[in-house]
Every structure is written in structure tokens, then in C-alpha cells.
Amino acid sequence: MRDIYAADRNFENINFAASPPEKGEYENCAFINCNFEYADLSGFTFTDCDFTGCNLSMAKLVNTAFRTVSFKECKMLGLQFSECNGFGLSFRFEGCLLNNAVFYGTSVKKTLFSHSKLIEVDFTDCDLSGSVLKGCDLSGAVFDHTNLEKADLRTSFAYSIDPAVNRLKKTKFSMSEVHGLLYKLDIEIDRNN
């Protein structure tokens, strides 16, 4: 069976969890309020696509290509972005739930994460250089050998980042959250003064 090519199409209110989408390449398509929960999207290519209000939780992403893809108000729990096709990997997240997602070993430079929940996300060995994490909850997120050079975390909160094992040159932080960089020193910081 041949893979399909779909361009300039809108897909609205479709339950792809019950009936999976046709495997292939989707270009300049919009997915609105669609359910991809546990769907197998392995080998799919999404280029210049928008996902709005979709549930992609636990979808299978083996060799899936996301090239200039936007996710808005999407539920994306437990996604393994580390399994995606790394060529041209480029996306942005606005108002998404990305809890327990894995970005291990990925290069996602200059990515926008805006007002999203990134609770217990794994950024180990990830290149986030130049990325903007704006108003994000990073509770329990793992930063280990992560490149955060020139990244902007000024409005994000609840992170713990060890400067000794992560690259932080010219990374931007807010004074109110700087304790997230000092947690390993086992010191007490008075936030009231």
C-alpha cells in the first residue's frame, strides 16, 4: 500500500485513535480537536502543519518527522520525541500539556515552549540552545548534559538545573527562580528579602 500525500487540508473532530490516519506525508494541514491518543504515527511526515486542541498522548513517534509544526492547546502526555526523525525537526508548543515527554538526545534549537506544562520532561543530552521557555512549569524536569546556551527561562519556574553538568553560557534566568540553579549546594535561600 502506498503512502498518501495530503496538502492544504483541514481535519476536524476526527477520532484517529479509533481509525488511524492514512500513513504518509501531510503538508500545510490543520488538525483541529482531533484525537491521536495511542495512535501509531511512525514514519509519518508533518510539514508546516498546525495541531490545535488535539490529544496526542502516548502516540507512537518512531521515525516521525515534524518539520515546522505548531502545537496549540494540545494534550501530549508521555510522547517520545527522542524517537522522531531528527532531520529538520522543528516545532513550537503553546499552552500544551507535555508532562513526561522525552526529548532525550534531540536537537531542538530555537524552539518555543510557551505557557506549557513540562512536568517531569526529560531533556537529557538535548540541545535547547536559543530556545524560549516562556511561562512554563518545569517541575521535576530533567536537565542533564543539556545545552541551554542562549536559552530564555526568565518566566519559567520550578526548575532544577545543575550548572556543573549543563551548558548555560548566556542563558537567561529570573532572579526569583535562581534558587533552581543552586539546589545542589544544600544552602538556604530566603525568598522574602
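Preceding block: the structure.
Residues numbered from 1 in each chain as written. Predicted model: local features only at pLDDT ≥ 70, side-chain atom pairs only at ≥ 80, totals over all residues. Heavy atoms only, no water.

Trainee: Could you clarify how one ought to interpret the nonpolar core in this entry?
Mentor: With 51 residues, the main nonpolar core has Phe-31, Phe-51, Phe-71 and Phe-81 as its most contacted residues. Only β7 (65-72) and β8 (90-94) provide two or more residues apiece to this core. The greatest single-element share of this core, amounting to 3 residues, is contributed by β7. Discounting residues that sit within four places of it in the chain, Phe-51 has contacts with Phe-31, Phe-36, Phe-46, Leu-56, Val-69, Ser-70, Phe-71, Lys-72 and Cys-74. (Core = buried A, V, L, I, M, F, W, Y, C linked by side-chain atoms within 4.5 Å. Buried < 20%, exposed > 50% of the residue type's maximum accessible area, 1.4 Å probe, protein only. Helix = DSSP H or I, 4+ residues; strand = E, 2+ residues; numbered from the N terminus. Contact = heavy atoms within 4.5 Å.)

Trainee: In this structure, what is going on with a positive patch on the surface? I would like to understand it.
Mentor: A grouping of Lys-110, Lys-150, Lys-169 and Lys-170 is seen on the molecular surface, where their side chains present a positively charged patch. Of note, Lys-169 is situated in the loop between β10 (132-134) and α1 (179-182). Residue class for Lys-169 comes out exposed when judged on its relative accessible area of 57%. (Patch = residues over 30% accessible without salt bridge, like charges linked within 9 Å, V, L, I, M, F, W, Y side chains within 5 Å. Areas by Shrake-Rupley, 256 points an atom, 1.4 Å probe, with all protein chains shown as cover. Salt bridge = Lys/Arg side-chain N within 4 Å of Asp/Glu carboxyl O. Lys, Arg positive; Asp, Glu negative; His and termini not counted. Charge placed at Lys NZ, Arg CZ, Asp CG, Glu CD.)

Trainee: Even after reading the chapter, I still don't get the pairing of β8, so can you show me in this structure?
Mentor: Here β8 shows one buried face, formed by Phe-91 and Phe-93, and one open face, formed by Ser-90, Arg-92 and Glu-94. As judged from the 5 bridges shared by β7 and β8, these two strands associate in the parallel manner. Pairing of Lys-72 across the sheet is with Glu-94, part of β8. Relative to strand β9 (residues 112-114), β8 runs parallel, the two sharing 3 bridges. In the strand pairing of β9, Arg-92 is matched with Leu-112. (Pairing = 2+ DSSP bridges.)

Trainee: Hey, could you run me through the pattern of salt bridges in this one?
Mentor: Once the charged atoms of two side chains with opposite charge are near each other, the side chains can pair. Within the structure shown, the criterion is met by 4 salt bridges. The residue Arg-92 makes a salt bridge to Glu-94 at a minimum N-O spacing of 3.0 Å. The class of Glu-94 is partly exposed, set by a relative accessible area of 25%.

Trainee: What is the right way to read the state of the cysteines from this model?
Mentor: Note on terminology: a disulfide is the covalent bond linking the sulfur atoms of two cysteines. Evaluated as defined, the whole model comprises 0 disulfides. The cysteine Cys-34 is free of any disulfide, with Cys-54 supplying the nearest cysteine sulfur at 4.8 Å. Look at Cys-34 and you get buried, because its relative accessible area is 2%. Counting only cysteine sulfurs, Cys-29 is the nearest neighbor of Cys-49, a cysteine outside any disulfide, at a range of 4.9 Å. (Disulfide = S-S within 2.5 Å.)

Trainee: Quick question: what am I supposed to make of the environment of Phe-157 here?
Mentor: Tracing the backbone through its elements, the reader meets Phe-157 in the loop between β10 and α1. With 22 residues separating them along the chain, Phe-157 and Gly-135 place their C-alpha atoms 7.2 Å apart. If near-sequence neighbours (up to four positions away) are discounted, Phe-157 is found in contact with Gly-135, Cys-136, Asp-137, Leu-138, Ser-139 and Glu-177.

Trainee: Is there a simple way to think about the packing of aromatic side chains in this case?
Mentor: Pairs of aromatic rings are described using the distance from one ring centre to the other and the angle between the two planes. Scanning all chains against the criterion turns up 33 aromatic pairs. Ring plane angle 75 degrees and centroid distance 5.9 Å describe the contact between Phe-81 and Phe-93, whose orientation is recorded as edge-to-face. Linking Phe-81 in the loop between β7 and β8 with Phe-93 in strand β8, this pair joins segments that are 12 residues apart in sequence. Taking the relative accessible area as the measure of exposure, Phe-81 reaches 1% and is therefore buried. By relative accessible area, Phe-93 is classed as buried at 0%. On the numbers, 6.4 Å between centres and 75 degrees between planes, the contact of Phe-91 with Phe-103 is edge-to-face. A residue pair is termed long-range when its members are at least 10 positions apart, and Phe-91 in strand β8 and Phe-103 in the loop between β8 and β9 qualify at 12 residues. (Phe/Tyr/Trp six-rings, centres within 6.5 Å; stacked < 30°, edge-to-face > 60°.)

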